[in-house]
Amino acid sequence: MITKEIKTYNDIKRAKSVYSLAQYYEMDNGLLNYIYDFTANSQNRVVGQNDGLYFYVNGKLVKKVPLPMKRSDMKSVNISDGDFYYVPMIVPTGYSSYSSSSSYSSYESSSSSSYSSGGGSSNNNNNNNNNNNNNNNN
């Protein structure tokens, strides 16, 4: 829990970023408060990766805190001055799952059947126009 008094909108954004970071790492209150204070300077940035947190000042690494991640669905997290950037882990899928002949043929058969049974939108529009013209003539 952040023990600092939150007064401004930017303080709220920073606190939210720190709490969002805590979703991915096991952190005690001391580290939460340290990150909150550290990111008050717009030149400071904290980057979370799978082996811990990296603290940067003006782009230079000044500290590393080894922490195991609680979740494995992210590549990295970046917070600075109230901004929170999450980079998800991209899991590649097999090429064959997208190009299998069975999925293509099922797509082809479903699309052709919908056109043949539905009559197409232009036929429906012509039928509606004919019905309107017949009703006006009566």
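Structure: above.
A few points on the structure. (Residues numbered from 1 in each chain as written. Predicted model: local features only at pLDDT ≥ 70, side-chain atom pairs only at ≥ 80, totals over all residues. Heavy atoms only, no water.)

**Some thoughts on the sheet that holds strand E4 (residues 74-80)**
Worth spelling out the cut-off: One requirement defines pairing of two strands: DSSP has to find at least two bridges between them. We count a stretch as a helix when DSSP gives it H or I for four or more residues in a row; a strand needs E for two or more, and each element gets its number in order from the N terminus. Lines fitted to C-alpha atoms define the axes, with helix axes restricted to the stretch in contact, and inter-axis angles between N-to-C directions lie between 0 and 180 degrees. Should any heavy atoms of two residues lie within 4.5 Å, those residues are considered in contact.
Ordered in space as E3-E2-E1-E4-E5, the 5 strands form an open sheet in which the pairing is antiparallel. This sheet does not close on itself; its edge strands, each paired only once, are strand E3 (60-66) and strand E5 (83-88). Recorded for the sheet is a direction-independent mean angle of 15 degrees between the axes of neighbouring strands. Here 3 bridges tie strand E1 (residues 44-49) to E4, and the two strands are oriented antiparallel to one another. Of the residues in E4, the one forming a bridge with Val 47 is Asn 78. Contacts from helix H1 (residues 9-22) reach E1, strand E2 (52-57), E4 and E5 within the one sheet, and its direction differs from that of E5 by about 25 degrees. The sheet strands contacting helix H2 (residues 29-38) are E1, E2, E3 and E4, and the helix crosses E2 at an angle near 25 degrees.

**Things to note about a nonpolar patch on the surface**
Definition in use: Each patch is assembled from residues with relative accessible area greater than 30% and no salt bridge, linking like charges that lie within 9 Å and nonpolar side chains (Val, Leu, Ile, Met, Phe, Trp, Tyr) that lie within 5 Å. Residue-level accessible areas treat just the shown protein chains as cover; the underlying method is Shrake-Rupley with a 1.4 Å probe. Salt bridge, as used here, is a side-chain nitrogen of Lys or Arg placed within 4 Å of a carboxyl oxygen of Asp or Glu.
Residues Ile 6, Tyr 9 and Ile 12 make up a contiguous nonpolar surface patch of about 340 Å² in total accessible area. Its location among the elements puts Ile 12 in helix H1.

**Considering the pairing of E4**
Put simply, the test is: Any residue under 20% of the maximum accessible area for its type is buried, any over 50% is exposed, and the rest in between are partly exposed; the area is computed with a 1.4 Å probe on protein chains only.
The buried fraction of E4 amounts to 6 of the 7 residues, a majority that puts the element mostly inside the structure. Across 6 bridges, the pairing between E4 and E5 is antiparallel. Bridge pairing links Ser 80 to Asp 83 in E5. Between E4 and E5, which follow one another and run antiparallel, lie 2 residues, and Asp 81 among them has a positive phi close to 45 degrees.

**What about the pattern of salt bridges?**
All chains considered together, the criterion is met by 4 salt bridges. Across the pair Asp 37 and Lys 4 runs a salt bridge, and its minimum N-O distance is 3.2 Å. Note that Asp 37 is positioned in helix H2 and Lys 4 in the segment before H1, a separation of 33 residues in sequence. In this structure, Lys 64 engages Asp 51 in a salt bridge whose closest nitrogen and oxygen atoms are separated by 3.5 Å. Residue Lys 64 is found in strand E3, and its partner Asp 51 is found in the loop between E1 and E2; the two are separated by 13 residues along the sequence. Exposure remark for Lys 64: the relative accessible area of 42% places this residue in the partly exposed category. Look at Asp 51 and you get partly exposed, because its relative accessible area is 32%.

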